[in-house]
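Letter by letter, the chains look like this.
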Amino acid sequence: DSLMYNSKITFFPKGIHSSAEKFISYPVARFEIQEKSECVHDFLFLSLPNRVMNRSEYSGEFLKEDDINNLNKLTFAKFVNLKFILGEEKIKEFHSPLIASFEAEVNLREANELSRIWFRSANEDIYTKRDGITLEGNGLSGVKLWIAKKFFLDLTETGWHSESSKKASVDLARKQVESAKGLVFFITEGKDTPLEWVKTGIDFMRFTLAAANQNFAFHTMNQAVEDYKESLFFQNKLNGLLKLKKTEKIQLIGRLGRSDTFFASPRRDLSEIVL
């Protein structure tokens, strides 16, 4: 839009295959652009360099209604209902299920092993593989980062699944949750399908750009709504706190606040995702 092109997006142009094995080889969307004559610019374009997933501890004041109004206006969500939780006491009601669901996932061997596989420690891995989880992305820098990499981070299978390592992960998540100055839930109504996931992703991307525009830190914490059976207990707990209808589904959970930490994770080359 800002480069004077109109875009046309067609979702799943070859359909959605029921087989998971074949599903991953089917295109998610067809993207076309055409030159346009009207000069209409999207305010979020300038936020692109500042959009990051900020996993550090947050500080500052709690978000207010005016902050939410600005985020809603900039996001202009088309597919999801954005439900915000504001105020210190109200946010505290959500601490327990968010922390407990993270702890439950850490204690699931298969889920925790997946995190180990995706973890990147050496700079060479971070900037060549250009994906995964990093200590830098979790808000560590300077001396704390050096100490953590030198003495505490153990990516061996035995070390990663040790009780001390799992406790450290849970302690970090607790600090993240308890420092939240606002919460946001992305909620859809109706069928929970791949199409709804992609539509949620579009509004999610715009929301993260809106947060960057307003200088808010943002971080998704989705352990309570993952697809393993153990998360169902926490999902039901959140549904009750949010007073959701049976037809409504939480697609994403995020915390909001302010932070001086900034780490721009490397992204895969465009050629890796374009067919």
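**Student:** Hey, could you run me through the environment of R116 in this one?
**Tutor:** Following the sequence through the fold, R116 ends up in helix α5 (residues 109-118). For the pair formed by R116 and E230, sequence separation is 114 residues and the distance between their alpha carbons is 20 Å. Ignoring any residue separated from it by four or fewer positions in sequence, one finds R116 in contact with L155, T156, E157 and W160. A distance of 2.6 Å separates polar atoms of two side chains, one belonging to R116 and the other to E113.

**Student:** Whenever I open this one, unusual backbone geometry confuses me. Can you help?
**Tutor:** It is generally the case that most residues other than glycine have a negative phi and that most peptide bonds are trans. Even without being a glycine, M4 presents a positive backbone phi close to 70°. Position of M4 relative to the elements: it lies in the segment before β1 (5-11). Relative accessible area serves as the criterion here: at 25%, M4 is assigned to the partly exposed category. A positive phi is found at F76, a non-glycine position, where the angle reads about 50°. Accessibility expressed as a relative area gives 58% for F76, which makes it exposed.

Quick notes on the rules
- Residues numbered from 1 in each chain as written.
- Predicted model: local features only at pLDDT ≥ 70, side-chain atom pairs only at ≥ 80, totals over all residues.
- Heavy atoms only, no water.
- Helix = DSSP H or I, 4+ residues; strand = E, 2+ residues; numbered from the N terminus.
- Contact = heavy atoms within 4.5 Å.
- Polar contact = N/O pair within 3.5 Å; in protein donor to acceptor, adjacent residues only side chain to side chain.
- Buried < 20%, exposed > 50% of the residue type's maximum accessible area, 1.4 Å probe, protein only.

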